[in-house]
Amino acid sequence: MATFQQKKVTTKSGKDYTLQHPGVRNVTKITDRVKNKHGVPSDERLAEEMLQHVVVEPKLRLDDFDSYMEMTEIVGKAFAFITGQDDEELEDDAEDQ
């Protein structure tokens with residue numbers, strides 16, 4: 001059984017979150033579930049999936065956010081984390097220095 005990687009992130013507003021990778025199979029299921037019948041990702045479904053399965057601390061629901069920008073930032077960070085896109089950003093930053 002794999003142990004799932006965690007990562008702490010801070011949004012521009014200064015709020016801290018803990019993300020946990022749900023495993024490759026679950027990432028695949030999530031990316032399938034967030035798409036509509038035409039294969040286009042739904043922002044609402046993506047937010048709900050990230051908050052339910054990836055953002056583990058604090059445990060939040062979509063309705064808990066006062067700021068749309070805060071919600072989209074943490075959902076974006078969570079999605080980048082589970083799909084490995086945040087690793088690419090780190091590599092790009094290292095190459096720029």
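Up top is the structure.
Residues numbered from 1 in each chain as written. Predicted model: local features only at pLDDT ≥ 70, side-chain atom pairs only at ≥ 80, totals over all residues. Heavy atoms only, no water.

J.: Hey, could you go over helix α3 (residues 68-83) for me, with residue numbers and the actual values?
T.: Its 16 residues place the ends of α3 22 Å apart at the C-alpha level, agreeing with the 22 Å of an ideal helix rising 1.5 Å per residue. Its side-chain oxygen at 3.3 Å from the backbone nitrogen of M69, S67 defines the N-terminal cap of α3. Downstream of α3 by one or two residues, G84 has phi in the positive range, about 80 degrees. (Helix = DSSP H or I, 4+ residues; strand = E, 2+ residues; numbered from the N terminus. Expected span 1.5 Å × (residues − 1). Polar contact = N/O pair within 3.5 Å; in protein donor to acceptor, adjacent residues only side chain to side chain.)

J.: Mind laying out the packing of helix α2 (residues 43-53) against α3, listing which residues take part and the relevant values?
T.: In contact at an axis separation of 9 Å, α2 and α3 are set at 70 degrees when each is read in the N-to-C sense. Put simply, α2 runs roughly perpendicular to α3. Between α2 and α3, the residues in contact are L46, A47 and M50 and M71, V75, A78, F79 and I82, respectively. Grouping the constituent residues of the contact of α2 with α3 by class yields 8 nonpolar, no polar and no charged. (Axes fitted to C-alpha atoms, helices over the stretch in contact; angles between N-to-C directions. Parallel < 35°, antiparallel > 145°, perpendicular 65-115°, else oblique. Contact = heavy atoms within 4.5 Å. Nonpolar A, V, L, I, M, F, W, Y, C, P; charged D, E, K, R; others polar.)

J.: An account of the pairing of strand β1 (residues 6-10) is requested, with residue identities and associated values reported.
T.: Across a regular strand the side chains alternate sides, sitting on one face of the sheet and then on the other. Bridge count between β1 and strand β2 (residues 16-20): 5 bridges; the pairing is antiparallel. Bridge pairing links K8 to T18 in β2. (Pairing = 2+ DSSP bridges.)

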